[in-house]
Amino acid sequence: MVPPSQNLNLDITAISGICGSISIACWVVVFSPQIVENFRRGSADGLSLQFIIVWLAGDVFNILGAVLQGVLPTMTILAIYYTIADIVLLLQCFYYRGFTWHDEVVPPKPSHVGEATERTGLLAPNPDRSRRSSTVSASHLSPVVPLLEAPKASDPPALTHLKPTTRLQATLFNLIAILMVCAAGVMGWYVSNRSQGGHSSKKPSSSDDILNFNLWGQIFGYFCAVLYLGSRVPQILLNYRRKSTEGVSMLFFLFACIGNLTYVLSIFAYEPHCSGRHGRCREGEAASVYGRYIAVNASWLAGSLGTLFLDLGIFAQFFLYREQEEFWGEAAVESGEGRGDSGY
């Protein structure tokens, strides 16, 4: 493995700092979209409890491994924050679903207008037709239904009609949110760098300070990687069993993907510090130091890259099930079954 070229007109330390700062910004807000989504729906049925629990266990091992191995401070800080955010999201799920460890397959609520009864028509309500109809309900014609007064304007509606969000609107909102968070990360690095007089953090006098293997630190690090990889599986299976991603925030996983990607880049962007005079490296020494550095951080790289790959599977489910729901929603409207537009 060859380290980044030192002949490029790029500051490797700055690139690592920028990527690390963007990663921190993404992970600070990563849970917010899902928490807001659960609160808006008043439910957490779309989120796998086992996903959150296994992720929480991975974060605990992440803290232990990061502290024992002595990795970058940002990695330790993030691990602690992950754990706190996991607990908050888990408590919210318990609040809506009760104290349980199992994922119940709750079918997503259909996006049609009301349930058909003996007092409702078979077709979706038409505003033009309703203005032409009389105030007497057609259900009065049935001998089995008692005479009821027509609904008053002051009565609460039977169903709240929310304006559906188009795919373009959702895409623009997600894009703007991502750009704002990334800009905040870059600004955070810039302010931190300027506060240090434009100089990077103090370089270690010896690479041995950060390249020593700690047995238990590595063990906990690989436990963390395995748990991170396993955490996505329950969510993928729950989406598959429900044939829907309703209740799962796409922005939640977008921030997770960007956070993992920039986190990996911040580790790869490392400038080896050799033992020669003025930090100069002998032939082949830079590659040796860089390879050892990657080996020390291999478990954290594996966990981030692995979850990044599995998150792509969740994104595939977002688009797959969304297309299916939109197709069946349009088919139901055309066949007169009273179904409305998909809320995407």
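Residues numbered from 1 in each chain as written. Predicted model: local features only at pLDDT ≥ 70, side-chain atom pairs only at ≥ 80, totals over all residues. Heavy atoms only, no water.

Trainee: Which residues make up the side chain of Ser231, and what values do they have?
Mentor: Within the secondary structure, Ser231 sits in helix α8 (residues 215–242). By relative accessible area, Ser231 is classed as buried at 0%. A polar atom in the side chain of Ser231 sits 2.7 Å from the backbone oxygen of Tyr228. Not counting residues up to four positions away in its chain, the partners in contact with Ser231 are Phe51, Val54 and Trp55. (Helix = DSSP H or I, 4+ residues; strand = E, 2+ residues; numbered from the N terminus. Buried < 20%, exposed > 50% of the residue type's maximum accessible area, 1.4 Å probe, protein only. Polar contact = N/O pair within 3.5 Å; in protein donor to acceptor, adjacent residues only side chain to side chain. Contact = heavy atoms within 4.5 Å.)

Trainee: Any details on the nonpolar core? Residues and values, ideally.
Mentor: By size, the foremost hydrophobic cluster in this structure holds 50 residues, and its most contacted members are Phe252, Phe253 and Phe255. Counting residues per element, the ones that place at least two in this core are α1 (12–29), α3 (49–69), α4 (73–97), α6 (167–195), α8, α9 (250–268), α10 (285–296) and α11 (298–334). Once residues within four sequence positions are removed from consideration, Phe255 is found in contact with Cys26, Val29, Val30, Pro33, Ala177, Ile178 and Val181. (Core = buried A, V, L, I, M, F, W, Y, C linked by side-chain atoms within 4.5 Å.)

Trainee: I'd love a proper account of the packing of α3 against α8, names of residues and values included.
Mentor: Relative orientation of the contacting elements α3 and α8 amounts to 165°, with a least axis distance of 7 Å. Here α3 lies roughly antiparallel to α8, going by the angle between them. The interaxial crossing formed by α3 with α8 has left-handed handedness. (Axes fitted to C-alpha atoms, helices over the stretch in contact; angles between N-to-C directions. Parallel < 35°, antiparallel > 145°, perpendicular 65-115°, else oblique. Left-handed = near helix turned anticlockwise from the far one by under 90°.)

Trainee: An account of the packing of aromatic side chains is requested, with residue identities and associated values reported.
Mentor: Per the stated rule, a full pass over the model turns up 18 aromatic pairs. Taking the centre distance of 5.2 Å and the plane angle of 35° together, the rings of Phe51 and Trp55 count as tilted. In this pair, Phe51 and Trp55 are both assigned in helix α3, four residues apart and thus about one turn of the helix distant. The pair Phe51 / Trp55 is uniform in exposure class, with both members buried. Members of the aromatic cluster, joined through ring pairs, are Trp27, Phe31, Phe51, Trp55, Tyr82, Phe252 and Phe253. Above the plane of the ring of Trp55 lies Arg232, whose end atom (NZ or CZ) is 4.6 Å from the centre. (Phe/Tyr/Trp six-rings, centres within 6.5 Å; stacked < 30°, edge-to-face > 60°. Lys NZ or Arg CZ within 6 Å of the ring centre and 35° of its normal.)

Trainee: Before we move on, could you go through unusual backbone geometry and cite the residues and values that matter?
Mentor: Positive phi outside glycine occurs at Lys243, with the angle close to 55°. One can find Lys243 in the loop between α8 and α9. According to the relative accessible area criterion, Lys243 is partly exposed, its value standing at 40%.

Trainee: A description of the pattern of salt bridges should follow, citing residues and the corresponding values.
Mentor: Tallying each qualifying case throughout the model produces four salt bridges. Note that Glu246 and Arg41 form a salt bridge whose closest N and O atoms lie 3.6 Å from each other. One end of the pair, Glu246, is in the loop between α8 and α9; the other, Arg41, is in helix α2 (residues 32–41), and 205 residues separate them in sequence. One salt bridge in this structure joins Arg97 and Asp103, with 3.7 Å as the shortest N-O distance. For the pair shown, Arg97 and Asp103 are each scored as buried. (Salt bridge = Lys/Arg side-chain N within 4 Å of Asp/Glu carboxyl O.)

Take it as geometry only, folks, not as evidence of what the structure does.
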